Amino acid sequence: MSEPLVDVIVEARAPWSGVVPAGATLQIVDLRGNQAVDCLFYLAADTTERYSAPETMVWQGSVFLTTGSVLRTHSGRPLLTVEADEVGRHDTIGGACSKESNTLRYGHHTRHQHACVENFLAEGARWGLGKRDLVSNINWYMNVPVEESGALGIVDGLSAPGRAVILRAHEDVLTLISNCPQVNNPCNGFDPTPVRIVVGAP
Amino acid sequence: MTGPTTPRGPAAPSVTATPEGARDHARSQAGTVVEHMPTLPATAYASAPAGVDADALVWAERVAGGSYTHRVVRAGTTLRLTDLEGDACAHLLLFRAGEPWERLNVADTVKVQWNAYLDVGQLLLSDQGRVLASMVADTSGHHDTLCGTSSRLRNEERYGSGEAHGPSPAGRELFVLAAAKHGLGPIDVAPSLSFFKGVHIEPDSGALTWRGAAPAPAHIELRAELDLLALIANTAHPVDPRPAWSCTTLEVLAWTGVPTGPDQWPATVSPEAARAFANNREDLDARGVR
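These numbers were taken from a predicted model, which means no experiment stands behind them. (Residues numbered from 1 in each chain as written. Chains lettered and ligands numbered in written order. Predicted model: local features only at pLDDT ≥ 70, side-chain atom pairs only at ≥ 80, totals over all residues.)

Q: Outline helix H1 (residues 53-60) of chain A, supporting the account with residue identities and numerical values.
A: Along an α-helix, residues three or four apart share an orientation, since each turn contains 3.6 residues. H1(A) sits mainly inside the fold: 7 of its 8 residues count as buried. Considered for burial, the residues of H1(A) that qualify are Ala53(A), Pro54(A), Glu55(A), Thr56(A), Met57(A), Val58(A) and Trp59(A). Looking at the buried residues of H1(A), the elements they touch are strand S6 (70-72) of chain A together with strand S10 (208-212) of chain B. Positive phi appears at Gly61(A), one or two residues downstream of H1(A), with a value of about 70°. (Buried ≥ 20, exposed ≤ 12 C-beta atoms within 10 Å, placed from the backbone. Helix = DSSP H or I, 4+ residues; strand = E, 2+ residues; numbered from the N terminus. Contact = placed C-beta atoms within 7 Å.)

As structure tokens, this is what we get:
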């Protein structure tokens, strides 16, 4: 086994970004359990080619992500495949929390709380990405059931301490991560915690 | 360069051999009426539906399957989309006019309103916690918030082609063209909504189940709550299971009006809606817009 290219702890509420080389694995470990990890992917060679939640759902015919899910760009191009999943399903409907949407969801007292969009903007800027580059993202470990009526919501999580997902990159993939700081719903068990990111050599 | 190297026939002299002749030939085409075209001025639209005041129309257009349209509309405008023949699929992107970095956020739209399906009284929300448009009428009930529009690669696999000029254009290709005409690029083409084709989510598996279309004609009405740029692509839904690409005429009408007031429906439907409209008001007040 070669040494991992990256093996870091992303602190609670913090962002992380990096390029996962083609053929390499990206492992995300939910160290303490039920910690939503918001995630966006871009083709490193051309960041206008980016993860598309709709395209990913349409090709696989399902709204949940799990083992076997191929994460695609808006052109249909495969970026990564989920190779292993110790939870069973992950969300790509609910998007990222923002200061602005928090005012709608919880009230204006939340306007100045930290949020995932802040992490995406700050970390994306390091790679030349701006607000227009942000689209519907993946929420690893976040549980968003959809009922028969269409009722949906972020509910108590299905994960547990130490559970992981492992993805394999088909291309060199720029990865933006926000270790979700939300404290107003159960996506982090009301207590944001650290996660571990491991990029394994191809 | 290739082309005919000899005159095609000596009998009739060409009417377009001179600039004057070509001009007269071009001008003689004026007044041609075809099925898919805009009516100018919109107030001259002969088919205004019952209850719609033709004198208030600001946009009247019939969009062919596989085509697109786009317009900036003022706050308060009602945008009515009609599936005239039963097989239209209107893919929609909304931006704040002049400030397109604020745009429709499909994830916030379903998450904030706690529902995956569009219905009368629901709001189309921007990424800035504001209301772009309210859904004020719906006789279809067959819509989709999750599947976005079609991509060129998938249309090529399914139908043999997905380019804008081909027989089965992908919605994304059409959106890129519409966006370009407002100075926007491919990165501005974010996940979109679609109307007149239904997709159901199976509660346990999360599987996407096709629900097809409502009987024609069916329409929806969206009230612009801010000044908006609307991009509309009319093309087959990405999970339409039929082997052949199919899409029929979409009618687009818009007429003037006023935005929803703070104590008016649908600002009253939920606390989330009330706060979204309050965010609109806060923004407009600071700009001095009454």
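Back to the text.
Q: Got a sec to walk through the interface of chain B and chain A? Specific residues and values, please.
A: With 40 residues of chain B at the interface, the matching set in chain A holds 37 residues. Of all the elements in the fold, those that place two or more residues in the side of chain B that touches chain A are helix H2 (106-112), helix H3 (152-159) and helix H5 (271-287) of chain B. Examining the composition of the side of chain B that touches chain A, we find that 6 residues originate from one element, H2(B), more than from any other. Its residues assigned to classes, the side of chain B that touches chain A comprises 22 nonpolar, 9 polar and 9 charged. (Nonpolar A, V, L, I, M, F, W, Y, C, P; charged D, E, K, R; others polar.)

Q: Just give me the short version of the sheet that holds strand S5 (residues 123-125) of chain B, but keep the residues and values in it.
A: Residue and element names in this part refer to chain B. As summarised here, the arrangement of the 6 strands in space is S1-S13-S3-S11-S6-S5, forming an open sheet in which the pairing is antiparallel. Where the open sheet ends on each side, the last strands, each with one partner, are strand S1 (57-63) and S5. For this sheet, the mean inter-axis angle between neighbouring strands, taken without regard to orientation, is 20°. Of the pairings in the sheet, the one linking S5 to strand S6 (residues 131-138) comprises 3 bridges and is antiparallel in character. Residue pairing across strands places leucine 125 opposite valine 131, the latter belonging to S6. (Pairing = 2+ DSSP bridges. Axes fitted to C-alpha atoms, helices over the stretch in contact; angles between N-to-C directions.)

Q: Which residues make up the sheet that holds strand S2 (residues 67-73) of chain B, and what values do they have?
A: Residues and elements named next belong to chain B. An order of S2-S12-S4-S8-S7 is seen for the 5 strands of this open sheet, with the pairing classed as antiparallel. In this open sheet, the two strands that pair with only one neighbour each are S2 and strand S7 (143-144). For strand S4 (residues 90-96) and strand S12 (residues 228-234), the ladder comprises 7 bridges, and the chain directions are antiparallel. Bridged to phenylalanine 95 within S12 is leucine 229. Helix-sheet contacts for helix H4 (residues 171-180) involve S2, S4 and S12, and the interaxial angle to S12 is about 145°.

On their own, these measurements won't tell you what the molecule is for.
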